[in-house]
Amino acid sequence: MKKISLQTRIQRSKKQMNSFDEEIAKAVAATGAFDAGQAKKLITVPADTEHGNFTLPCFSLARSLHKAPKLIAEELAPKIVLPTGLSKVEAVSGYLNFFIDRKFLANSILAEIDKEGLSYGHISPNGKTVCIDYSSPNIGKELAFHHLRSTMIGNSLSRIYKASGYKVERINHLGDWGTAFGKLIVMYLREKLPTDKKTLDALTVKELNVLYASFSKACEAEPGLEDEARTAFSKLESGDEFYRTLWTAFRAATLRELMRIYDMMGVSFDHYTGESFYEDKMPAVIEELRKKGLMVRSEERDVVMLDEFDLPPCLIRKSDGSTLYATRDLAAAIYRKKEYNFDKSLYVVDLGQALHFKQVFHVLKKMGRDWYTDMEHIPFGVILQQSEDGKWEKGKTRTGHAKLLRDVIEAAQAKILAFINEKNPDLENKEIIAREIGISAITFNDLKNHRLMDVKFDWDSALSFDGATGPYVQNAHVRLCSIMRKAGYDARIEDVDFALLTDESAYELIKTLTKKAERIRQACETDEPSVLAQYSLEIAEAAHKFIHDDRVLGSAEEKSRLFLVKSTQIVLEDVLNLLGLFPVRVM
RNA sequence: GCACUUGUAGCUCAGUUGGAUAGAGUGUCAGCCUCCGAAGUUGAAGGUCGCGAGUUCGACUCUCGCCAAGUGCACCA
């Protein structure tokens, strides 16, 4: 007797899985009522399970056939020869509803997860490169709470793109150049702080932050200070060695603290090419603009006019000759295209800068860089916190009242730790686990809704274990791990009887697992980590319900159910990874 | 003034790309642990999908016009 290899079986079932809609379309077309293309377009997944796994509305035929849709469906249903893997077709009020064979579904999906593991649902390399510019904080300031959004959205997107087959260049475009450094230098010298090497090497961000605050304060009494700062930056830009020494020290101090926090959050980058990196690449850009006659003199400044796009002019150089944000972004865009030859270049930056990016992209267009269409601003809303009078407000940076990210992380960790001490005091490494859960909770709170929504941050709901939260999703993962641990052996697909995984709870869970590839695709296409955050909730819910309804250990169905537990854990772990959450195994 | 973003249950939000009776969480009320983590689960109540037209068999979804809130709009980034 010939045995069909597992490999062949999987390939066969996978093919059938991915083309259910096509198979249905073909089967329907065989009746002569629809053509296959038309039918495939109409087939959707109904919201309600009662209406099957796939549905085909027949309303569009009503006119051409001069018949009620209800009748059309009823006449069609008995004529349809069901493709493999489908168990029945039903005609209900104008819809043709198709039902998948539960056993077949369980078999094909679990075999696929068994074979592909964590990368189930991923796409193999497509040879394309995407640059993702995220986090990009300003040097000299500590990471504030609102920097979290770009960091976490970008971190998640970089993982999602990698899972979608892209080569990803993760870029931290540090704000390490610009007038801000003029301010720091002015203040540093004004306060007569020591400038010997030892002192400079030991500088901390905290001290720099104090300098910023005192600069703002001093400005109120002495408005001329702003000009002084601009002059100082201009001097730095033109190569003053002493200023350069100070700048290097400021940068190094900030970077040390940044790295510490990124490590803690599990965030990393391939390139720390900040704005200063493009310092020597800007003259060529300016020269090109001049040569092409795009740069004009206006009110003492050099600008590129963008009237034809209904946009305000883009400033290239200030009246003192120093460069601006846009100049550096132009140089950076051109450098990245040359260096990485990207197919896509993303900028994860808050919504407030939409106009700036529009301008930069259009200047590139005028420069004849037709790849400007591959660049995309990925905007997001701000983080709001509730004030005493109940109003949602932005955290403010200028007044220095903004919450520091490290304080927020510490507070979250403490809160989770207190909870662990109450529920599970003997847990090993509980400080680290508490920190991972705390960071995940904050991250999840940030990613669970659409990017463009403002995040209304509320401690109690973000760190709660109930509802749509990070801890809730992690708890589901932990419970699955716990059952696997207690089983004491590794579940194998050879021991599974798929007929035992067809009850309502198991079926719903399996159906949820089938959606992974589609959700990753959707998250990537729309640059929306929230798609996967919502999906993780769906998985957690279905998993909770399954282990609530279907006893695993000690049951007659143990081996089959344990395998479903394992498969679910694998899917959930990867989704948590894609979101940038820590998939903890105990808590 | 112009541009962009957002309006869905008391509150915080989903809504599978135009499909069937608009769904979760939270809060309120009522259930479920001799049983793998109750950090869970079941149910009740809660709606003019901002307003008004249009497109069509069908609109929370697409188009247009209003209204409200937020954010940008030439020497910060």
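Each remark here, short or long, concerns the structure printed above.
### A short note on empty space enclosed by the protein
Link 1 in the chain: Within this structure, the stated rule accounts for two cavities of 30 Å³ or more.
Link 2 in the chain: By volume, the largest cavity is sized at about 60 Å³.
Link 3 in the chain: Lining the largest cavity are Pro 137, Asn 138, Lys 141, Glu 142, Leu 143, His 147, Val 205, Thr 254, Glu 257, Leu 258 and Ile 261.
Link 4 in the chain: Sorting elements by how many residues they give to the lining of the largest cavity places helix α12 (residues 241-265) first, with four residues.
Link 5 in the chain: Considering only residue class, the lining of the largest cavity consists of five nonpolar, three polar and three charged.

### Let's talk about helix α6 (residues 102-116)
Link 1 in the chain: Between its terminal C-alpha atoms α6 stretches 21 Å, which fits the 21 Å expected from 15 residues at 1.5 Å a residue.
Link 2 in the chain: Among the residues of α6, Phe 104, Leu 105, Ala 106, Ser 108, Ile 109, Leu 110, Ala 111, Glu 112 and Ile 113 are the ones counted as buried.
Link 3 in the chain: Note on α6: the residue one or two positions beyond its end, Gly 117, has a positive phi of about 60°.

### Comments concerning the pairing of strand β4 (residues 129-133)
One face of the sheet, then the other: side chains in a regular strand alternate in exactly this way.
Link 1 in the chain: β4 sits mainly inside the fold: five of its five residues count as buried.
Link 2 in the chain: The alternating pattern of β4 places Thr 129, Cys 131 and Asp 133 on one face and Val 130 and Ile 132 on the opposite face, and all of these are buried.
Link 3 in the chain: Sheet analysis places β4 next to strand β5 (residues 167-171), joined by five bridges and oriented parallel. When the bridges of β5 are listed, Asp 133 appears paired with Ile 171.
Link 4 in the chain: On the question of chirality, the crossover connecting β4 to the parallel β5 by way of helix α7 (residues 148-163) is right-handed.
Link 5 in the chain: Looking at chain direction, β4 and strand β9 (residues 344-348) are connected through four bridges and run parallel. Bridge assignment links Asp 133 to a residue of β9, and that residue is Tyr 347.

### Details of the side chain of His 271
Link 1 in the chain: Inspection of the secondary structure assignment puts His 271 in the loop between α12 and α13 (282-291).
Link 2 in the chain: By relative accessible area, His 271 is classed as buried at 19%.
Link 3 in the chain: Side chain to side chain, His 271 and Tyr 340 meet in a polar contact 3.3 Å long.
Link 4 in the chain: Discounting chain neighbours no more than four positions away, the residues touching His 271 are Glu 169, Arg 170, Ile 171, Asn 172 and Tyr 340.

Cut-offs used in this document
In this convention, every chain numbers its residues from 1, walking through the sequence in written order. Note on labels: chains are lettered from A, ligands numbered from 1, in written order. Since the coordinates come from a predicted model, pLDDT governs what is reported: local features require at least 70, and pairs of side-chain atoms require 80 or more to be given and counted, while whole-chain, interface and lining totals use all residues. Each side-chain value is worked out from all heavy atoms of the structure, with water and hydrogens disregarded. We place a 1 Å grid over just the protein atoms. Points where a 1.4 Å probe fits but has no way out form a cavity, open points with protein on both sides within 12 Å along at least 5 of 7 lines form a pocket, and any residue with an atom within 4 Å of a point lines it. Grid points are joined across faces, edges and corners, and a volume is the space filled by probe spheres set on the points. Numbering of helices and strands starts at the N terminus; helices are DSSP runs of H or I of at least 4 residues and strands are runs of E of at least 2. Lys, Arg, Asp and Glu make up the charged group, whereas Ala, Val, Leu, Ile, Met, Phe, Trp, Tyr, Cys and Pro make up the nonpolar group; the residues left over, Gly among them, are polar. Each residue after the first adds 1.5 Å to the expected span of a helix. We call a residue buried when its accessible area falls under 20% of the maximum for its residue type, exposed when it is over 50%, and partly exposed in between, using a 1.4 Å probe and counting protein chains only. When DSSP finds at least two bridges between two strands, those strands are taken to pair. With the strands pointing away from the viewer, any crossover whose connection runs clockwise from the first strand over the helix to the second is right-handed. For this analysis, a polar contact is any N or O atom pair within 3.5 Å, provided that within protein one partner can donate a hydrogen and the other can accept it, and provided that sequence-adjacent residues contribute only side-chain to side-chain pairs. Throughout, a residue-residue contact means that at least one pair of heavy atoms, one from each residue, lies within 4.5 Å.

Geometric values such as these leave the question of function open.
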